[in-house]
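Listed below are the residues making up each chain.
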Amino acid sequence: MQETIYIKNMVCNRCIASVLDIFNAEDYVVESVELGKVIATKGAKSSFKNLSKVLDKTGFEVIANKTDTLIEQLKVAIINKIESGETAHIFQALAKEFVKTETALSKLFSKSEGVTLEKYTINLKIEKVKEHIQLGQLNFSEIAYSLNYKTSSHLARQFKTVTGMSMSDYKNLENWDRKTLDKIV
């Protein structure tokens, strides 16, 4: 029987590959896998308990309740929107996608994660800015534009507020400090 299993901390393509390897090693037949979600069928030697244990050991976690599932889906949706540059009116788009009001999503997220949805999104965007700076393919104005900031000075202020340094100072660092997406809250 096919099951949909939601997994916490599965936020990048390397995570997908790791989770896929775990499911295959645990004798599951994977129908599809995407950020935060696996659709699979148990094999003859499969054990859900063992699968959960192996996932936990590697930094992932099977999500058991509806609220946690919704929060993880919300995180994945935000990551996808930032990756694809769809950050204009992001909260309206999320409300429409999840068929909830912006306020309801924000309250649910804050209660679960201890940080506002807006702050979480800003933190993700700042990590994306760091990535762009490290790649060196875009100037600061182009980075601001790609993330739908109205001005590069708005991005610069927000970057300094979050990181404590200017984007230029960050660019000149020898050892860049970046958080993995699953560590951002």
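About the thresholds
Residues numbered from 1 in each chain as written. Predicted model: local features only at pLDDT ≥ 70, side-chain atom pairs only at ≥ 80, totals over all residues. Heavy atoms only, no water. Phe/Tyr/Trp six-rings, centres within 6.5 Å; stacked < 30°, edge-to-face > 60°. Helix = DSSP H or I, 4+ residues; strand = E, 2+ residues; numbered from the N terminus. Buried < 20%, exposed > 50% of the residue type's maximum accessible area, 1.4 Å probe, protein only. Pairing = 2+ DSSP bridges. Contact = heavy atoms within 4.5 Å. Axes fitted to C-alpha atoms, helices over the stretch in contact; angles between N-to-C directions. Core = buried A, V, L, I, M, F, W, Y, C linked by side-chain atoms within 4.5 Å.

Participant: Before we move on, can you summarise the packing of aromatic side chains with the specific residues and values?
Facilitator: Both the distance between ring centres and the angle between the ring planes are used here to describe each pair of aromatic rings. Applying the stated criterion across every chain, the model contains 3 aromatic pairs. The interplanar angle of 50 degrees and the centroid separation of 5.1 Å between the aromatic rings of Phe109 and Tyr120 together place this pair among those described as tilted. Separated by 11 residues along the polypeptide, Phe109 in helix H5 (residues 102–113) and Tyr120 in helix H6 (residues 117–135) bring together distant segments of the chain. In this pair, the class of Phe109 matches that of Tyr120, namely buried. Aromatic pair Phe159 and Tyr170: ring centres 5.8 Å apart, planes at 70 degrees, arrangement edge-to-face. With Phe159 in helix H8 (residues 152–163) and Tyr170 in helix H9 (residues 167–171), the pair connects residues that are 11 residues apart, well separated along the chain. Look at Phe159 and you get buried, because its relative accessible area is 0%.

Participant: Hey, could you go over the sheet that holds strand S3 (residues 37–42) for me, with residue numbers and the actual values?
Facilitator: Across the sheet, 4 strands lie side by side as S2-S3-S1-S4; this open sheet has antiparallel pairing. The strands lining the two open edges of the sheet, one partner per strand, are strand S2 (28–34) and strand S4 (61–62). In the sheet, S2 pairs with S3 via 6 bridges, with the strands oriented antiparallel. Bridge pairing links Val29 to Thr41 in S3. Together, strand S1 (2–8), S2 and S3 form the strand contacts of helix H1 (residues 13–25), whose direction differs from that of S2 by roughly 165 degrees.

Participant: Can you tell me about the nonpolar core, naming the residues and giving the values?
Facilitator: Counting 47 residues, the largest nonpolar core has Ile7, Phe23, Leu55 and Ile78 as the members making the most contacts within it. Looking at which element gives the most residues to this core, the answer is helix H3 (residues 66–84), with 8 residues.

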